[in-house]
Amino acid sequence: MKKRIAFLICILLLITLPLWWSDFYVLSVVSSAGIFIIAAISLNLLLGYTGQLSLGHVAFFGIGAYTTALMSLGFDLTLPGLSEPWVVSPKPVWLSFIGGIIVSGLAGCLLGKLAFRVRGSYFVIVTISFAQVMRMIALNWLDLTEGPMALSGIPPLTFWLPDEGVVDITSKAGIYWLVLGVAIVAYLLVAALVNSRVGRAMIALRENETLARSIGIRVTSYLGIAAVVSACIAGAAGGLYAHTVRIIDPDVFLFMFTITMVIMVIVGGKGTLAGPVVGGLLFGLLPEVLRGMLAPEVQWMLYGLLMIVVLVFMPKGIVPSLGSLSRRLGTLFSIRKNQRSPILKGDSV
């Protein structure tokens, strides 16, 4: 009950943030961090709840971004065996956004069927290779992606208002609320999944895959579910990136983005719902806080030093460590209270 109340209070504060903090720069920074928090939430489903380290997770982010951009802009493509180009007219932005999520999910299903046949370092190599292949396609398929020249002029997502009709979401506050809404949906989706029978099976696979197999848990099936859901959420994050930045290039597949997601998950606390959120806020906002105070080189040094300190003194992450500290303090308070109660009872007699 206390967790639900704290969750509702946090959501209320986040929803009302643009009303009591109107700094456009702050809203822009929080929105950018929020997009990568959504991506980190998706990675946490694989890394935190199934124990599978994917270092190619940025591939689904980029697939979602490129798919929704191409669908909303329209494109023509010359395919072998066709006498005329295949022309696709521009689609509504929300249909394109959903299309990006679906295509990312299909890519996650495909990668899952291939990669989950192996484990450990082989799985990591397969995921990295997949992301690199996607980047090479985006870089060299000029007829479709424009390559390094980038796709520009991507239309923004829209919203319907009673008096004004359909309006573009281009204001900083509007983009912030849009990212927040998708983040809440992603959080609740992952929470519902991990608290279900499917989620318990995933956790069993993480703890002991051999034992899970022996009691009849279908490993490949549950890993496939995690891969598809994770890819869909990452694709949604990529779609938000495309429609808010409104220009994308092959750099959306950079390995650094995956490392950023991994850092957010591990530092915040993998295998916890709040971990990617806390880690994302910390490492998403910290560079912007330090930007005007220190030189870039010093910023990166402090960034790495903070990560080392957190992992040394909080090896399970910030959220599990704070939760453990809270339980210890609660137990200590309860013990002291019980020790005092006999004395109070004796005095009353």
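## Things to note about a positive patch on the surface
Part 1: Where like charges cluster on the molecular surface, the positive patch consists of Lys 3, Lys 316, Arg 327 and Arg 328.
Part 2: When its relative accessible area of 61% is taken as the criterion, Arg 328 is described as exposed.

## A short note on the side chain of Ser 54
Part 1: Within the secondary structure, Ser 54 sits in the loop between helix 3 (24-47) and helix 4 (58-73).
Part 2: Judged by its relative accessible area of 2%, Ser 54 is buried.
Part 3: In contact with Ser 54, other than residues within four places in its own chain, are Leu 43, Leu 46, Phe 123, Thr 127 and Thr 258.

## Brief notes about the pairing of strand 5 (residues 165-168)
Part 1: As judged from the four bridges shared by strand 4 (residues 158-161) and strand 5, these two strands associate in the antiparallel manner. Paired with Thr 158 across the strands is Asp 168, a residue of strand 5.
Part 2: Hairpin connection from strand 4 to strand 5: three residues lie between these consecutive antiparallel strands.

## A closer look at the environment of Gly 99
Part 1: Within the secondary structure, Gly 99 sits in helix 5 (residues 93-115).
Part 2: Classification of Gly 99 by relative accessible area gives buried; the value is 11%.

## Details of the environment of Leu 193
Part 1: Within the secondary structure, Leu 193 is located in helix 8 (residues 172-194).
Part 2: What makes Leu 193 buried here is its relative accessible area of 14%.
Part 3: Separated by 105 residues in sequence, Leu 193 and Val 298 have C-alpha atoms that sit 41 Å apart.
Part 4: In this view, Leu 193 contacts Leu 45, Val 198, Gly 199, Met 202 and Val 229; residues no more than four positions away in its chain are not counted.

## With respect to the state of the cysteines
What is meant by a disulfide is a covalent connection between two cysteines, made through their sulfur atoms.
Part 1: Following the criterion strictly, the structure yields zero disulfides and no others.
Part 2: Of the cysteine sulfurs around Cys 109, a residue in no disulfide, the closest is that of Cys 232, at 9.8 Å.
Part 3: Residue class for Cys 109 comes out partly exposed when judged on its relative accessible area of 31%.

## With respect to the side chain of Arg 135
Part 1: Mapped onto the elements, Arg 135 comes out in helix 6 (residues 121-140).
Part 2: Setting aside residues no more than four positions away along its own chain, Arg 135 makes contact with Pro 250, Asp 251, Phe 253 and Leu 254.

## Quick word on unusual backbone geometry
Part 1: Phi is positive for Ala 150, close to 75°, though the residue is something other than glycine.
Part 2: Examined against the element boundaries, Ala 150 turns out to sit in the loop between helix 7 (142-145) and strand 3 (151-152).
Part 3: For Ala 150, a relative accessible area of 12% gives the class buried.
Part 4: Although it is not a glycine, Arg 246 sits at a positive phi angle of roughly 70°.
Part 5: Tracing the sequence through the fold places Arg 246 in the loop between helix 11 (219-245) and strand 6 (247-248).
Part 6: In this structure Arg 246 comes out as partly exposed when scored by relative accessible area, which is 36%.

Thresholds, definitions, all that
- Residues numbered from 1 in each chain as written.
- Predicted model: local features only at pLDDT ≥ 70, side-chain atom pairs only at ≥ 80, totals over all residues.
- Heavy atoms only, no water.
- Patch = residues over 30% accessible without salt bridge, like charges linked within 9 Å, V, L, I, M, F, W, Y side chains within 5 Å.
- Areas by Shrake-Rupley, 256 points an atom, 1.4 Å probe, with all protein chains shown as cover.
- Salt bridge = Lys/Arg side-chain N within 4 Å of Asp/Glu carboxyl O.
- Lys, Arg positive; Asp, Glu negative; His and termini not counted.
- Charge placed at Lys NZ, Arg CZ, Asp CG, Glu CD.
- Buried < 20%, exposed > 50% of the residue type's maximum accessible area, 1.4 Å probe, protein only.
- Helix = DSSP H or I, 4+ residues; strand = E, 2+ residues; numbered from the N terminus.
- Contact = heavy atoms within 4.5 Å.
- Pairing = 2+ DSSP bridges.
- Disulfide = S-S within 2.5 Å.

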